[in-house]
Every structure is written in structure tokens, then in C-alpha cells.
Amino acid sequence: MAESVTEIPVNIEESIKETLQNGTIKPYMSIEGVAVAYLSLVVMAILPIFFGSFRSVKYLKEQKESGERPETMSNRDALMFPVIASCALFGLYIFFQFFSKEYINLLLTGYFFFLGVLALSHLLSPIISVMMPASVSKVPYHILFTRGDRDVVNYKFTSYDVICLVISFVFGLWYLHKKHWIANNLFGIAFAINGVELLQLNNVVTGCILLSGLFLYDIFWVFGTNVMVTVAKSFEAPIKLVFPQDIFVNGFNASNFAMLGLGDIVVPGIFIALLLRFDKSLKRNSEFYFRATFTAYIVGLLATIVVMHVFKHAQPALLYLVPACLATPLTLALLKGDLNALFNYEDQTAIEEKADTSKAKKSE
């Protein structure tokens, strides 16, 4: 969901004068500034999907090699997700109506500070591993606490991970102290990439159910009520990407932001990542479905921005993103004769889990 665009004053001097007099007029925004803000949001949205999708392939491969089985979303989970999200959203709205926004945001800031540090550290880990000179040794550590025969804590890390954690903690302190939009975006991008990488859909059917449910969820809460917009503007946490539309006027201290919720990135992103894994399973040395749907996502996001700019009203991004992300792979699969393969595809770990379950039942 992105914030609506305010009307652009014709004369910058009159705009500044009126702002100083009554404080009710938003900062002047040049056409260039608005264009840069929208373009930046598009870039910040597509990068987590692109990198997160390829990281999800690697993550699934690593789990297969280690014998671990990732938790995947079932059809029931996908059906219930919009209901749970609606309850959470409305609960936040009620809290903001009856309790001080400052105290709520203080608690949420602390919570997302720790989550953001961990997410950014996980994102930086492969980058730091490549950048570190050979003279700095990679020392392994292993924290293990057991109770009887059961492991309570079993965590392995390296000295490079400690460096990542320190760097992420510094950015976290910057976010706590300044709440600067750049620090917010760093954490937001880290959340988005980790979400696309680590959240696993069970199959394409589950993805269709999830996207369809959130399609209705987004339309209702944006067009049917003011709940989504109110919470998005009141919620001071890195759950959205923002970029100032008045950056050419006020520089990095700009204050009039366009925004895009992380849900509009992660939800389509995990579906697009599933399509990349489907492409890999076909063994055609092609990323056809991934690239086609990734392009459709960009077109849907641009359509959201155009409509938002024309009508000067917040738009539910999933209204445009879901049809683009669902219709594209399904239509192409129908035309190429891959529709059955697409609907029958499951990640290899899910197939193995079913096989192991059936073997266990037979042995009983």
C-alpha cells in the first residue's frame, strides 16, 4: 500500500510561506522529486524479490543437504492468513485510537529493533564473508545447552557473524536515535529479503489461495475503511519502505514520504520465488516463469503508482499485483502445456516428507 500524492504547489515561495504561517501545507514537491520517489520505491521493491528468490533456492538446497525440513504454509494456513492479518490490523487501529501512539510505538520500536538487527546481520553475512581479507581468520563457535538428552540451545556461528552483528547493531542504534528513513529502509529491505528467502509455500495451489485472500483483504481495508492508511501512517516501525517526495527541496531531512508496505513485496515475492524453484525443477536451463512473473510484478507495481498519482488516493497494491502475478504464470503454463506440472510441483523437501510419512505408516 502506498501513500497518496498531495497536490503540488505552483510557486515554491508561496508554499514555504504558507507552511511557516500555519503549518498545515505539506512541503513543496517538484515533479522530479515525485518521480524519483516512485522510481526508488519500485527499485527497492524488486531488489528483495530478485535476490530473495535466488537465496531461497540456495536455502532449500542447504536444508536438503543437512536433512532439515523447513516449515511450509498449508492450504489451511493460507486461508486463515487474511483473517489473522485483519484481526492484527484492526487491533492496532483500536490501540492507536484509545492509547497514546508514542507508548505503543516505543514498544514496537524495541521489538523491531532486535528483529531488524538479526535480519540485517543475516543479510550481511555472505557479503562480509566475501569482503573480509584472508588475514582475518574465520573462527567457528558453537553454543550448546542441553537438558538431559534434549538440546535446549544449539547454535553455530563464526567470527564473521559477530562482525555482521556489530555492524547491524550500529545501524540499529542509528534507527533508534534518529528514526531516519534510510535506516528504516535498510531494515525494511532486510526484512523483505529474509521473508522471500525463508518463507516457504507448499505448492502453487497454496500460493493462489494466499494471494487471492490477501487480494480481498487489501481492497477491503484500503477502500472500505480508513484503517489501513491510519495504521500505516501511525506505525513507526520498519514494516514499510519510504522515500521522500520533497528530497530535492529538503535533502535527506525531507518529510513528505511515499510509502509501500512490506506485505506488497513479501507476499508476491514468496510466490515468485516458488516459480523460480519450479523453473529449476524443470531442468530446462531457463528461468522462464520466474522472469515473466517478475516482469508482471513490476508492471503491476507501476500500474499502482500511476493510478495512485492520477486519483490522489492511497491504493491497495495487491489489487494490481495479484492479478499480474497469478494470471501471468497460469496463462503461460497453459499455452506451453506445463499447467499440470505447475500445479503438481512441490519443493523437494515436501515430497520427501510425504515419502517418509508413508514409509513410517507402512512400518507400523
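Reading the values: rules and limits
- Residues numbered from 1 in each chain as written.
- Predicted model: local features only at pLDDT ≥ 70, side-chain atom pairs only at ≥ 80, totals over all residues.
- Heavy atoms only, no water.
- Phe/Tyr/Trp six-rings, centres within 6.5 Å; stacked < 30°, edge-to-face > 60°.
- Helix = DSSP H or I, 4+ residues; strand = E, 2+ residues; numbered from the N terminus.
- Buried < 20%, exposed > 50% of the residue type's maximum accessible area, 1.4 Å probe, protein only.
- Salt bridge = Lys/Arg side-chain N within 4 Å of Asp/Glu carboxyl O.
- Core = buried A, V, L, I, M, F, W, Y, C linked by side-chain atoms within 4.5 Å.
- Contact = heavy atoms within 4.5 Å.
- Axes fitted to C-alpha atoms, helices over the stretch in contact; angles between N-to-C directions.
- Left-handed = near helix turned anticlockwise from the far one by under 90°.
- Nonpolar A, V, L, I, M, F, W, Y, C, P; charged D, E, K, R; others polar.
- Patch = residues over 30% accessible without salt bridge, like charges linked within 9 Å, V, L, I, M, F, W, Y side chains within 5 Å.
- Areas by Shrake-Rupley, 256 points an atom, 1.4 Å probe, with all protein chains shown as cover.

Draft legend 1. The arrangement of the packing of aromatic side chains in detail. One pass over the full model with this rule turns up 19 aromatic pairs. When the ring of Phe90 is compared with that of Tyr93, the centres are 6.1 Å apart and the planes differ by 25°; the resulting orientation is stacked. Here Phe90 pairs with Tyr93, and both are found in helix H3 (residues 75–98), just three residues apart, close to one helical turn. Of the residues examined, Tyr93 reaches a relative accessible area of 15% and is grouped as buried. Note on Phe278 and Tyr345: the rings are 5.7 Å apart at their centroids and 65° apart in plane angle, and the pair reads as edge-to-face. Linking Phe278 in helix H10 (residues 263–282) with Tyr345 in the loop between helix H13 (339–344) and helix H14 (348–363), this pair joins segments that are 67 residues apart in sequence. We classify Phe278 as buried; its relative accessible area is 1%.

Draft legend 2. Molecular detail of the pattern of salt bridges. For the coordinates displayed, the defined rule picks out four salt bridges. Residue Arg55 is joined to Glu197 by a salt bridge in which the shortest nitrogen-to-oxygen separation is 2.9 Å. Within this pair, whereas Arg55 is found in helix H2 (residues 31–66), its partner Glu197 is found in helix H6 (residues 181–198), the two being separated by 142 residues in sequence. Taken together, the salt bridges that share partners define one network made up of Lys280, Glu287 and Arg291.

Draft legend 3. How the structure looks around unusual backbone geometry. Positive phi is not limited to glycine here, since Lys283 has a value of about 55°. Accessibility expressed as a relative area gives 71% for Lys283, which makes it exposed. Even without being a glycine, Asn285 presents a positive backbone phi close to 55°. With respect to the helices and strands, Asn285 occurs in the loop between H10 and helix H11 (288–311). What makes Asn285 exposed here is its relative accessible area of 83%.

Draft legend 4. The nonpolar core, seen in detail. One finds Leu210, Ile265 and Tyr297 to be the most contacted residues of the largest nonpolar core, which totals 86 residues. Excluding residues that lie within four positions of it along the chain, Tyr297 makes contacts with Ala45, Ile46, Ile49, Asp264, Ile265, Pro268, Ile272, Leu321 and Cys325.

Draft legend 5. Structural context of the packing of H3 against helix H8 (residues 227–234). Closest axis-to-axis distance for the H3/H8 pair is 9 Å, and the angle between their directions is 65°. Taken as a pair, H3 and H8 cross one another with a handedness that is left-handed. Mapping the contact onto sequence places Leu89, Phe90, Leu92, Tyr93, Phe96 and Gln97 in H3 and Val227, Met228, Thr230, Val231 and Ser234 in H8. Its residues placed into classes, the contact of H3 with H8 shows eight nonpolar, three polar and no charged.

Draft legend 6. Main features of the side chain of Ser53. Assignment of secondary structure puts Ser53 in helix H2. Residue classification places Ser53 among the buried residues on the basis of a relative accessible area of 0%. In this structure, Ser53 is in contact with Pro48, Val196, Gly269, Ile272, Ala273, Leu276 and Phe290, ignoring residues within four places of it in sequence.

Draft legend 7. Representation of a nonpolar patch on the surface within the structure. A contiguous nonpolar patch, built from Leu39, Val43, Leu47, Phe50 and Phe51 and spanning about 440 Å² of accessible area, is present on the exposed surface. Looking at the element boundaries, Phe51 is found in helix H2. Given a relative accessible area of 44%, Phe51 falls into the partly exposed group.

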